[in-house]
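Now for the letters of each chain:
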Amino acid sequence: MTNHAGFAAEDAVTGAVPAAAQAGRHFSPFMAGRRGTDCKKAAAPPVHVDLAGAGVTIPGSWLDSMRASSPRHAKPVVGAEHDEWMEKHPSALAMFESIAAAAKGKEIVVFLDYDGTLSPIVADPDRAVMTHDMREAVRAVSKHFPTAIVSGRCIDKVFDFVKLEELYYAGSHGMDIRGPTAAASEYHHSMNANQQGGGGEDAVVTCQPAAEFLPVIDEVYQVLKGRMASIAGALVENNKFCLSVHYRCVDEAEWGALDAEVRAVMEGYPDLRLTKGRKVLEIRPVIDWDKGSALQFLLKSLGYKGRNDVFPIYIGDDRTDEDAFKVLRNMGQGIGILVTKFPKETTASYTLREPSEVKEFLRKLVKPTPKSNETKG
Ligand SMILES: O=P(O)(O)OC[C@H]1O[C@H](O[C@H]2O[C@H](CO)[C@@H](O)[C@H](O)[C@H]2O)[C@H](O)[C@@H](O)[C@@H]1O
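Residues numbered from 1 in each chain as written. Predicted model: local features only at pLDDT ≥ 70, side-chain atom pairs only at ≥ 80, totals over all residues.

- Under an unreviewed UniProt entry, the name given to the chain is Trehalose 6-phosphate phosphatase, and the source organism is Oryza brachyantha.
- Its UniProt record gives the chain the following Sequence similarities (unreviewed entry) comment, quoted word for word: "Belongs to the trehalose phosphatase family."
- UniProt, in the comment section headed Pathway (unreviewed entry), describes the chain in these words: "Glycan biosynthesis; trehalose biosynthesis." (UniProt positions renumbered as here; feature names shortened; annotations may be inferred.)

Written as structure tokens, this is what we have:
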């Protein structure tokens, strides 16, 4: 079995060196020409947050969790512990034949997270492009199976990256669902459109369970942009029904201040909650809806509710994807695949190490399997 490295490099950025080691470029949403790919400690005045005055307490677990993915603090999982984890969550490539056997006679539905799954993690969220080959692999899969992108990003942004009209998109962590705008497969016609909210003219299915939160999300976006202006490297991303506060490019010494600022703002908005992704704090409405709900909604919309001949495959790399893995685990149908190079707590059954392995897995899904009993004549 491959001997992977430990947690230490979990959030290492593809093609970028660690922030502290870089020079020459700045990463700040408030500087003209921000579009650099790499992070750098920008020379900004230190942020002083009067925690007592703001009435904010930072639960140790939050800051600890922010630090947990930092190379400086992470504890590598190696040796027997690592091997044990890999036995519980084997490679989906190595186990492909048994996955194919489990899916035999069932209708596969594919759910794909975007960042860290179809595109490598990079310092600048606006540059998280997917490769042409990956796009072609996803396109090929969507020709055979209903395929959905399930992302924390807003739909428009993730569509700009993926550029495939034939897919379903669940943006804003599943709070904005849209069916394909092109009738690319026979499946699209069999949809039992369970419609909520609005949608594009050609959209088959739409769902926006957090529509009423749009004004408050916009308001908090403006407030947070202002608050983050003094924290070098911080970036607030508007994902329509949720917000992301990125700290990948913030000096670790400032993480506590950033966390406190975000929490101070949140205190005024009890209808919003905070979750954590990969070097990002995510703000979203307090509604009972997540990527797992989106997966259930799409399965139902596709007419698979209550059927046992469906085999959903969900591939994702982030904590928010765990909600979908849990749904599959509870359904006892299909599989969750976590994209990770390192052992992590997960409900997923299988793993893939990185987007290039995701691509390989997707290609295998549509490749005709050679007949195992065939003898050479
Ligand atoms: O559900 P996802 O599609 O995985 O979206 C989750 C977040 O992904 C993006 O942030 C992450 O990727 C960035 C680009 O590689 C990286 O710079 C950042 O540190 C990661 O957290 C996206 O920008 C967020 O808005 C999403 O919430």
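And the narrative resumes.
1. A look at the overall build of the chain
Line of reasoning, step 1. Each helix and strand counted, the chain has 11 helices and 12 strands in total.
Line of reasoning, step 2. Summarising the internal contacts of the chain: among those between residues at least 6 apart in sequence, 63% fall at separations of at least 24. (Helix = DSSP H or I, 4+ residues; strand = E, 2+ residues; numbered from the N terminus. Contact = placed C-beta atoms within 7 Å.)

2. As for the confidence of the model for the chain
In low-pLDDT segments, the atomic positions of the prediction should not be examined closely.
Line of reasoning, step 1. Summing up the model confidence of the chain, the mean pLDDT is 80 and the portion of residues at 70 or higher is 72%.
Line of reasoning, step 2. Confidence drops under a pLDDT of 50 for residues 372–377, and excluding neighbours within four residues, the segment shows zero contacts in the predicted structure. (pLDDT = per-residue confidence, 0-100.)

3. Considering the sheet that holds strand E7 (residues 243–246)
Line of reasoning, step 1. Across the sheet, four strands lie side by side as E6-E7-E9-E8; this open sheet has antiparallel pairing. Two strands lie at the open edges of the sheet, namely strand E6 (235–238) and strand E8 (272–277), each paired on one side alone. Between one strand and the next, the sheet's axes are offset by a mean angle of 20°, whatever the strand orientation.
Line of reasoning, step 2. For E7 and strand E9 (residues 280–285), the ladder comprises four bridges, and the chain directions are antiparallel. Bridge assignment links Leu-243 to a residue of E9, and that residue is Ile-283.
Line of reasoning, step 3. Across the face of the sheet, helix H7 (residues 214–228) comes into contact with E6, E7, E8 and E9 while running at roughly 10° to E7.
Line of reasoning, step 4. Here helix H8 (residues 255–266) sits on the sheet and contacts E7, E8 and E9; the angle it forms with E8, its principal contact strand, is near 155°. (Pairing = 2+ DSSP bridges. Axes fitted to C-alpha atoms, helices over the stretch in contact; angles between N-to-C directions.)

4. Some points on the packing of H7 against H8
Line of reasoning, step 1. Between H7 and H8, the least distance of the axes is 10 Å, while the angle of their chain directions is 150°. As judged from the angle between their axes, H7 and H8 are roughly antiparallel. Crossing handedness for the pair H7 and H8: right-handed. Together, Val-220, Val-223, Leu-224, Arg-227 and Met-228 of H7 and Glu-261, Val-262 and Val-265 of H8 make up the contact between the two elements.
Line of reasoning, step 2. In the contact of H7 with H8, the residues fall into six nonpolar, no polar and two charged. (Parallel < 35°, antiparallel > 145°, perpendicular 65-115°, else oblique. Left-handed = near helix turned anticlockwise from the far one by under 90°. Nonpolar A, V, L, I, M, F, W, Y, C, P; charged D, E, K, R; others polar.)

5. Focus on the site of the ligand
Line of reasoning, step 1. Near the ligand there are 24 residues, and of these Tyr-114, Asp-115, Pro-125, Ser-151 and Gly-152 occur at the shortest range.
Line of reasoning, step 2. Elements that contribute at least two residues to the shell around the ligand include exactly E7 and E9.
Line of reasoning, step 3. Taken together, the residues that form the shell around the ligand break down as seven nonpolar, eight polar and nine charged.
Line of reasoning, step 4. Three or more residues apiece are contributed to the shell around the ligand by two domains, here domain 1 (7–75 + 210–287) and domain 2 (88–209 + 289–366). (Near = placed C-beta within 6 Å. Domains from an automatic or database assignment.)

6. Points about the packing of helix H5 (residues 132–144) against helix H11 (residues 355–366)
Line of reasoning, step 1. For the pair H5 and H11, interaxial distance at closest approach is 9 Å and the crossing angle is 30°. For the element pair H5 and H11, the recorded crossing hand is left-handed. For the pair H5 and H11, contact is made by Asp-133, Met-134, Ala-137, Val-138, Ala-140, Val-141 and His-144 and by Pro-355, Lys-359, Leu-362, Arg-363, Leu-365 and Val-366, respectively.
Line of reasoning, step 2. Among the residues forming the contact of H5 with H11, the class breakdown is nine nonpolar, one polar and three charged.

7. Remarks on H7
Turn by turn, an α-helix covers 3.6 residues, leaving residues three or four places apart pointing in a common direction.
Line of reasoning, step 1. The first and last C-alpha atoms of H7 sit 21 Å apart over 15 residues, in line with the 21 Å expected at 1.5 Å per residue.
Line of reasoning, step 2. Ile-217, Val-220, Leu-224, Arg-227 and Met-228 are the residues of H7 that are buried. All buried residues of H7 project into a common sector of 85° when viewed along the axis, lining one side. Facing away from the buried side of H7 by more than 90 degrees, the exposed set consists of Pro-215, Glu-219 and Gln-222.
Line of reasoning, step 3. Those residues of H7 hidden inside the fold are in contact with E6, E7, H8, E8 and E9. (Expected span 1.5 Å × (residues − 1). Buried ≥ 20, exposed ≤ 12 C-beta atoms within 10 Å, placed from the backbone. Arc of directions from axis to C-beta.)

8. With respect to the sheet that holds strand E5 (residues 206–207)
Line of reasoning, step 1. On the basis of which strands lie adjacent, the open sheet formed by eight strands has the order E5-E4-E3-E2-E1-E10-E11-E12 and mixed pairing. Pairing within the sheet leaves two strands with one partner each, and these edge strands are E5 and strand E12 (350–352).
Line of reasoning, step 2. Of the strand pairs in this sheet, strand E1 (residues 107–112) and strand E10 (residues 310–316) are connected by six bridges, and their pairing is parallel. Paired with Val-110 across the bridge in E10 is Ile-313.

9. Thoughts on the nonpolar core
Line of reasoning, step 1. Judged by nonpolar contacts, the single largest core of 55 residues is most densely connected at Phe-111, Ala-148, Ile-149, Val-150, Leu-295, Leu-298 and Ile-337.
Line of reasoning, step 2. If near-sequence neighbours (up to four positions away) are discounted, Ile-149 is found in contact with Leu-112, Tyr-114, Val-158, Val-162, Leu-167 and Tyr-169.
Line of reasoning, step 3. Core analysis: the second largest hydrophobic core is formed by 31 residues, Met-66, Ala-123, Met-175 and Cys-242 among them. (Core = buried A, V, L, I, M, F, W, Y, C linked by C-beta atoms within 7 Å.)

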